[in-house]
Every structure is written in C-alpha cells, then in structure tokens.
Amino acid sequence: MSEYDAIARLYDPWSASVIEDISFYVDEALRAGGPVVELGVGTGRIAIPIAMAGVDVIGVDSSAEMLAVCRRRADEAGIGARIDLRLGDLRKPPVDERVALVTCPFRAYLHLRDDAERLEALGAAHELLLPGGKLVFDVFTPSREDIEETHARWIEREPGIDERADWDLDAQTLTLSVRGQSGESTMTLWWLEPSRWHALLAEAGFEVLACYGWFDRRPFAGGEDSVWIASRK
Ligand SMILES: C[S@@+](CC[C@H](N)C(=O)[O-])C[C@H]1O[C@@H](n2cnc3c(N)ncnc32)[C@H](O)[C@@H]1O
C-alpha cells in the first residue's frame, strides 16, 4: 500500500495548477531522444506530455492506484503504447533497460527519509543511465516565511480540495495532509539543504551539470525550489 493509493483520483485536480515544470521536462526528454525512465511517475502529469511529444516513457511508481489512473489517461490520450508502467520502488526500479535520461519530477525524492535511502535511490538512477546520461529532478527546501504562513492550517488549495502542512524544523519534515471529495491522505516529506543534495549526488557518482532555481533555468539563488541536472560520469 502507498499513501498515494487513497488520493489517486484526487491527485490530478489537487495538482491542477502545477504546470510550470511540464515544458521543462518535455524539453529534457526531447533533448535525450528517449526513452525516458520517470521515477515516481504518478498519474502521468509529466509522462503523458512527454509521450505526446513523441518520446517513449518507462514509468515506475509504488502506488498501483496512481498507475491505474496514468494508464487510463494515457490510453484516452491515444499514446498508451508509448508509456510502459511498472509497479515498484524507485530505490529498486524494475527496469533492465539503460537510458540517456532518468527523471524524478515534482519532489518525489522528498519521500526518502534519510541519506541511506537517498543514496540507494540515486545509486539506482545512476545504474539506469548510459554513460553520459542525465538524471533530472526537482526538490524544495522551505523558507521560514512559507513555514510560518502555512503551519498547521487547513488551506483550500483548489476548489473543494484542502491541504494542511505541519512542519518540523528540527527533523526537517513536512507532514502533508490533503482531503477532498474523492479521497484523503497524509504523507511525510523529508527536505534537505541544496548543498546536501549536491554532496549526495557526488557520492552516488554524479557530476552536477546545473542547479536551477526554477524551471525557466534561472540559476539557483537560495530560493525554495531547486532543479538538478546531473550526469553519470
Ligand atoms: C508528488 S507525486 C509526483 C508524480 C508525478 N511525477 C508528477 O510530477 O505529477 C510523487 C509520486 O512518487 C511516488 N512515490 C513515492 N515514493 C516512491 C517510491 N519509494 N518508489 C516509487 N514511487 C514512489 C508516489 O506514489 C507518487 O505517485
């Protein structure tokens, strides 16, 4: 069971306004030429536009229900044959293929609870890459203002969908709850300073090619979001 199973039908309306990253990941996929392995593929928010742009995607996710939504959406969009969905853990992805691009969009790596899990996941992504291949992912590190503004309050994120963030500054965890008509769930995310992500990437055998502060490729300058491009040495 995954905490996403209960919100598989809520996920798309919940994330409806998150669109800023789509063209960024589509561009990376087109540059790589495909196929792409997307770790934490979810309902295909990113994978479906990539497939529609003509690039094959192997999508891995630990939530069977999220994958079921992705399968239905991909078939409805007429690109079902371009998306190969596999139930599994991104730390041990069920993927024998070797590819030029592995992605982990929309903070899915924040579901990893400690450095051992992060290194296992980064090592697994490294293993999937052809020499010179790239790992592209994004994460966040919350600001004090964001924490103070949102802590322990239910906020309407989308019509009829409420979200609550409980931040623990010492443990660097966000307990995120969401509820709506078609489901509810609570999950934990563990955040890190960008310098730690940099060090972990190096330890896992990656060279960091870029760290952006947003999906328009502006350089990272200390904001909440960081977007990483790392290559297999
Ligand atoms: C925030 S969603 C991102 C989904 C999609 N990539 C997107 O951009 O909309 C995180 C996804 O990662 C998946 N996930 C979390 N931990 C995972 C793990 N250890 N292995 C595989 N998938 C995982 C969840 O089931 C969920 O679908």
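Above this text is the structure in question.
All of the points below concern the structure found in this document. Bear in mind that the values here come from a model prediction, so they are computed numbers and not experimental data. (Residues numbered from 1 in each chain as written. Predicted model: local features only at pLDDT ≥ 70, side-chain atom pairs only at ≥ 80, totals over all residues. Heavy atoms only, no water.)

**Some points on the site of the ligand**
- By nearness alone, 20 residues border the ligand, and Y11, G40, R45, D61 and L90 come closest of all.
- Interatomic distance of 2.6 Å between a side-chain N/O atom of Y11 and an oxygen atom of the ligand.
- Between the ligand and L90, the relevant distance is 2.8 Å, taken from a nitrogen atom to a main-chain nitrogen or oxygen of the residue.
- Bound to the protein, the ligand loses 94% of the 590 Å² it would expose on its own.
- Of the residues that constitute the shell around the ligand, the class distribution is nine nonpolar, seven polar and four charged. (Near = heavy atom within 4 Å. Polar contact = N/O pair within 3.5 Å; in protein donor to acceptor, adjacent residues only side chain to side chain. Areas by Shrake-Rupley, 256 points an atom, 1.4 Å probe, with all protein chains shown as cover. Nonpolar A, V, L, I, M, F, W, Y, C, P; charged D, E, K, R; others polar.)

**Remarks on the pattern of salt bridges**
- Inspection of every chain in the model, using the stated rule, returns 20 salt bridges.
- Measuring nitrogen to oxygen at the nearest pair gives 2.7 Å for the salt bridge that ties D216 to R218. (Salt bridge = Lys/Arg side-chain N within 4 Å of Asp/Glu carboxyl O.)

**Comments concerning the environment of H111**
- Within the secondary structure, H111 sits in the loop between strand 4 (99–104) and helix 5 (115–128).
- Residue H111 is classed as partly exposed on the basis of its relative accessible area of 22%.
- C-alpha of H111 to C-alpha of M187: the two residues are 76 residues apart in sequence and 8.4 Å apart in space.
- Here Y4 takes part through its side chain, which lies 2.8 Å from a polar atom of the side chain of H111. (Helix = DSSP H or I, 4+ residues; strand = E, 2+ residues; numbered from the N terminus. Buried < 20%, exposed > 50% of the residue type's maximum accessible area, 1.4 Å probe, protein only.)

**Comments concerning the nonpolar core**
- Core analysis: the largest hydrophobic core is formed by 48 residues, its most contacted members being L39, V102, Y109, L135, F137 and F206.
- With five residues, the single largest contributor to this core is strand 5 (residues 129–140).
- Excluding its chain neighbours within four sequence positions, the residues that come into contact with L39 are V60, L90, P93, V102, T103, C104, P105, A108, Y109, A125 and L128.
- Membership of the second largest hydrophobic core comes to 27 residues, among which are A29, V36, V136 and F215. (Core = buried A, V, L, I, M, F, W, Y, C linked by side-chain atoms within 4.5 Å. Contact = heavy atoms within 4.5 Å.)

**Here we look at the packing of aromatic side chains**
- By the definition in use, this model includes 13 aromatic pairs.
- Each ring, one from F24 and one from Y25, has its centre 5.1 Å from the other, and the planes form 85°; the classification is edge-to-face. Considered together, F24 and Y25 belong to a single accessibility category, that of buried residues.
- Aromatic side chains Y109 and F137 sit 5.2 Å apart centroid to centroid with 70° between the ring planes, which places their arrangement in the edge-to-face category. Of this pair, Y109 sits in the loop between strand 4 and helix 5 while F137 is found in strand 5, placing the two residues 28 residues apart along the sequence. Assigned by exposure class, Y109 and F137 land together as buried.
- Counting every residue linked through ring pairs, the aromatic cluster contains F24, Y25, Y212, W214 and F215.
- Directly above the aromatic system of F106 lies the positively charged group of R45, at a separation of 4.7 Å from the ring centroid.
- When the ring centre of W154 is taken as reference, the NZ or CZ atom of R179 above it lies at 3.7 Å. (Phe/Tyr/Trp six-rings, centres within 6.5 Å; stacked < 30°, edge-to-face > 60°. Lys NZ or Arg CZ within 6 Å of the ring centre and 35° of its normal.)

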